[in-house]
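Structure at a glance
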Amino acid sequence: MCAVSFSPATSMQLDSFPSSSFSVPFLPLIRTNNYATIPFKKKSKRKPRTRLLLIAVSASSTAKDVWRKNPLHKTTPSSPSQHHRYTRRKHEPVHLDHSVDMDELLDSMGQTQNEQELYALMSPYKGRQLSIRFMVSLLSREPDWQRSLALLDWINEEASYSPSVFAYNVVMRNVLRAKQWEIARGLFDEMRQRALAPDRYTYSTLITYFGKEGMFDRALAWLQQMEQDRVSGDLVLYSNLIELSRKLCDYSKAISIFSRLKSSGIVPDLVAYNSMINVFGKAKLFREARLLIKEMREVSVLPDTVSYSTLLTMYVENQKFVEALSVFSEMNEVKCSLDLTTCNIMIDVYGQLDMAKEADRLFWSMRKMGIEPNVVSYNTLLRVYGQAELFGEAIHLFRLMQRKDIEQNVVTYNTMIKIYGMTLEHEKATNLVQEMQNRGIEPNAITYSTIISIWDKAGKLDRAAMLFQKLRSSGVEIDQILYQTMIVAYERAGLVAHAKRLLHELKRPYNIPRETAITILAGAGRIEEAMWVFRQAFDAGEVKDISVFGCMIGLFSRNRKHTNVIEVFEKMRTAGYFPDSNVIALVLNAYGKLREFEKADAIYREMQEEGCVFPDEVHFQMLSLYGARKDFKMVESLFEKLDSDPNINKKELHLVVASIYERANRLNDASRIMNKINERGTWT
């Protein structure tokens, strides 16, 4: 007999099983079937039982009770009745695992229509002739979540097996796959009632599935519960959460999870670091992204080609081409091998820095490095030639691709159409549209937007307007670039009324998503229309893109609509999104303008506690708000904290704090701050 402690106050005797049944992790799914779920029929006279759920997760739920043959009595795990139920029998039955064909048993289970039939099928094994390991494996192979739930009931209620965390984890997974969220929570609560401690796999399954469905607040609630229960998360769990946050463009949340990962003592691996370089870049926290390369070396995780190419992409996307060139130089210094992605990025960087010769040299040397250029390489060099007004070279390269049967796509043609537009050869540009269609390459919104722009500049507004109307009536997806191109064309021709009509139509868009309409209206500075569409879309649950919230907050901030900034921010938080550093700065400014300093302070502290990383400007803005509130104690406290942070620009910090004291006519304090930096003899 083996004694297993279920709680600090209770020690219970379990049935003896082969040691492997508890020493191996939960058995994976052995096969997957396409099985149509057959709902089991319930007895109408059964009464659902109430259950208490974790406060941190949700309120009570009775969803799972309909699958229970008998109510679970509200007794503590250490009650005499339960202790007697799970006490080891003196004569353990001989397990018949090798005598039972699991495939045949599964097929028979698939024929059952309700829990009574399932119980009847399993009745020959009611004496626990099958090991718990066999039963867990059976659960893992049952594709129908309802049958797996009923089988778990049979295991616990009819056959009186000792509760198994492995069995619950399998059923939990099956239930979550079917998106039965309340039942999953009921299972979790039942584990607690049966004195089973949820393990790492339990929490990982809950967090992963809730996160995949975009229910991040609930996923994070499970993460908090896991930490409270002192169940250590692993690198895979945190990495999955970071990746989910990244895909949903919720970069602040990803940064918060990364901070939790490191604070739990887990060293990120190369994949996690590379993901976070991307996250910091998307959040425009360039310094933090750059510092990750240094941190990686400090923890003996060597940056690879992906690390550097991700950093390069970050700088290019934000038009920081000199910084990208610096990263490329470092890459060469440490002898990090180049790949296709890196070469393509650097061809673009050279082009943006008017270094067409270097771009050309890199492109034609790729094969010598064993790297075969792809269509992206050719398209990028085409664009570089066009930007450098090397039109002859561009046309030669375009036709060379055709002669050598090198793949061309819609981007290739869009680039060449734009180049012909730059040379004012609008007929050749139009002919290219016909050529690409003949080759089976369908034009996209960018193609049409470029053609409309070319015709507009050539004074052929009638053709541009006709094409636009034809596209709208044909059902082609109209994106914000195409829409804005036509609005600009009307405005350039002095047809302001036509432009206004297009903008007015966006209040009730019929052929474009409301999120696109909001972005167009916000970009055009149409405050009232943008807010009207935003409210309608939000109430209808159509605002899924976090960038739409940021777009609206930016619009209101630029137009000093501070109350509206707060309104959109609160809707953003209600939707479960974390604000990025730019949004935080605008929201803090809005609270400051509205003299709601306490709320600004609360947001600043909350985001820091969540592990958000702020650029210097956000910290400096908070200092200014403390100064405006005349709270010089907080000014001094935050100043000392930031002064000890090696990542803060000390020169700007001291200048900001000194100016706060000067505006408050506290000249002695201002002088003291300036003397501090002078005493150090540095302005770094």
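Residues numbered from 1 in each chain as written. Predicted model: local features only at pLDDT ≥ 70, side-chain atom pairs only at ≥ 80, totals over all residues. Heavy atoms only, no water.

Let's talk about the nonpolar core
Judged by nonpolar contacts, the single largest core of 194 residues is most densely connected at Met135, Leu151, Trp154 and Leu623. No other element matches the nine residues that helix α7 (residues 165-177) contributes to this core. Setting aside chain neighbours within four positions, we find Met135 in contact with Met122, Leu130, Leu151, Trp154, Ile155 and Tyr161. (Core = buried A, V, L, I, M, F, W, Y, C linked by side-chain atoms within 4.5 Å. Buried < 20%, exposed > 50% of the residue type's maximum accessible area, 1.4 Å probe, protein only. Helix = DSSP H or I, 4+ residues; strand = E, 2+ residues; numbered from the N terminus. Contact = heavy atoms within 4.5 Å.)

Section: the layout of surface pockets
Of the volumes computed, that of the largest pocket is approximately 690 Å³. Looking at the largest pocket, it is lined by 23 residues, and the ones nearest its centre are Glu288, Leu291, Val613, Asp645 and Asn647. Looking at the lining of the largest pocket, the elements that each hand over two or more residues are α12 (251-263), α14 (286-298) and α34 (632-643). Of all the elements, α14 adds the most residues to the lining of the largest pocket, at seven residues. Taken together, the residues that form the lining of the largest pocket break down as eleven nonpolar, four polar and eight charged. Of the volumes computed, that of the second largest pocket is approximately 510 Å³. In terms of residue count, helix α29 (residues 546-558) provides more of the lining of the second largest pocket than any other element does, five residues in total. Across the lining of the second largest pocket, the residue classes tally to ten nonpolar, six polar and five charged. (1 Å grid on protein atoms, 1.4 Å probe; cavity = no way out; pocket = protein on both sides within 12 Å on 5 of 7 lines; lining within 4 Å. Points joined across faces, edges and corners; volume = space filled by probe spheres on them. Nonpolar A, V, L, I, M, F, W, Y, C, P; charged D, E, K, R; others polar.)

Thoughts on the side chain of Ser307
Among the secondary structure elements, Ser307 is positioned in helix α15 (residues 305-317). Within the structure, the side chain of Ser307 is placed 2.8 Å from the side chain of Asp304, a separation counted as a polar contact. Setting aside its immediate chain neighbours within four residues, Ser307 contacts Leu270, Asn274, Ile277, Ile293 and Met296. (Polar contact = N/O pair within 3.5 Å; in protein donor to acceptor, adjacent residues only side chain to side chain.)

Some points on the packing of helix α13 (residues 270-282) against α14
Here α13 crosses α14 at 160°, and the two axes come no closer than 7 Å. By the angle between their directions, the pair α13 and α14 is classed as roughly antiparallel. Two packed elements cross with a definite hand, and for α13 against α14 that hand is left-handed. Each of Leu270, Tyr273, Asn274, Met276, Ile277, Phe280 and Gly281 in α13 lies in contact with α14, whose residues at this interface are Phe286, Glu288, Ala289, Leu292, Ile293, Glu295 and Met296. When its residues are assigned to classes, the contact of α13 with α14 shows ten nonpolar, two polar and two charged. (Axes fitted to C-alpha atoms, helices over the stretch in contact; angles between N-to-C directions. Parallel < 35°, antiparallel > 145°, perpendicular 65-115°, else oblique. Left-handed = near helix turned anticlockwise from the far one by under 90°.)

Regarding the packing of helix α9 (residues 200-212) against helix α11 (residues 235-247)
Interaxial distance between α9 and α11 falls to 10 Å at its minimum, and their mutual angle equals 5°. Of the possible angle classes, the one that applies to α9 and α11 is roughly parallel. Only Leu237, Asn240, Leu241 and Leu244 of α11 make contact with α9, whose side of the interface consists of Ser204, Ile207, Thr208, Gly211 and Lys212. Its residues assigned to classes, the contact of α9 with α11 comprises four nonpolar, four polar and one charged.

Thoughts on unusual backbone geometry
A positive phi is found at Leu424, a non-glycine position, where the angle reads about 60°. Here Leu424 lies in the loop between α21 (410-422) and α22 (426-438). Located in the positive-phi region is Asn665, a residue other than glycine, with phi close to 60°. Here Asn665 is to be found in the loop between α35 (650-663) and α36 (667-680). For Asn665, a relative accessible area of 62% translates into the label exposed.

Regarding the confidence of the model for the chain
Looking at the chain as a whole, the pLDDT averages 78, with 79% of positions reaching at least 70. In the predicted structure, residues 1-39 sits below a pLDDT of 50 and forms 86 contacts with residues beyond four places in sequence or in another chain. When the criterion is pLDDT under 50, residues 41-91 qualifies, and its contacts beyond four places in sequence or with other chains add up to 113 contacts. (pLDDT = per-residue confidence, 0-100.)

Points about the environment of Tyr209
For Tyr209, the location among the structural elements is in helix α9. Between the alpha carbons of Tyr209 and Lys179 there is a distance of 8.3 Å; along the sequence they are 30 residues apart. Those residues within four positions of Tyr209 in sequence are excluded, and the remaining contacts are Arg173, Leu176, Arg177 and Trp181.

Side note on the packing of aromatic side chains
Enumeration over the complete set of coordinates arrives at 13 aromatic pairs. On the basis of an interplanar angle of 90° and a centroid distance of 4.7 Å, the ring pair of Phe363 and Trp364 is categorised as edge-to-face. You can call Phe363 buried: its relative accessible area is 1%. Ring geometry for Phe538 against Phe549: centres 6.2 Å apart, planes inclined by 85°, an arrangement best described as edge-to-face. Of the two residues, Phe538 sits in helix α28 (residues 527-539) while Phe549 sits in helix α29, which places them eleven residues apart along the sequence. Here the aromatic residues Trp181, Phe188, Tyr203, Phe210 and Trp222 are joined through ring pairs into a cluster of three or more. Stacked on the ring of Tyr209, the Lys or Arg Lys212 has its end atom at 5.5 Å from the ring centre. (Phe/Tyr/Trp six-rings, centres within 6.5 Å; stacked < 30°, edge-to-face > 60°. Lys NZ or Arg CZ within 6 Å of the ring centre and 35° of its normal.)

Observations regarding α28
Since there are 3.6 residues in each turn of an α-helix, residues three or four apart along the chain are aligned in direction. In a regular helix each residue adds 1.5 Å, so 13 residues correspond to 18 Å; α28 covers 18 Å between its end C-alpha atoms and thus fits that length. For α28, the complete set of buried residues consists of Ile527, Glu529, Ala530, Met531, Val533, Phe534 and Ala537. The inward-facing, buried residues of α28 abut α27 (514-523), α29 and α30 (562-574). Gly541 sits one or two residues past α28 and shows a positive phi near 70°. (Expected span 1.5 Å × (residues − 1).)

As for α22
Taking 1.5 Å per residue as the helical rise, α22 with its 13 residues ought to reach 18 Å, and the 19 Å between its terminal C-alpha atoms agrees with that figure. For α22, the complete set of buried residues consists of His426, Ala429, Thr430, Leu432, Val433 and Met436. Buried residues in α22, looked at end-on, bunch into an arc of 150°, giving them a common side. Phi for Gly440, located one or two positions after α22, is positive at around 85°. (Arc of directions from axis to C-beta.)

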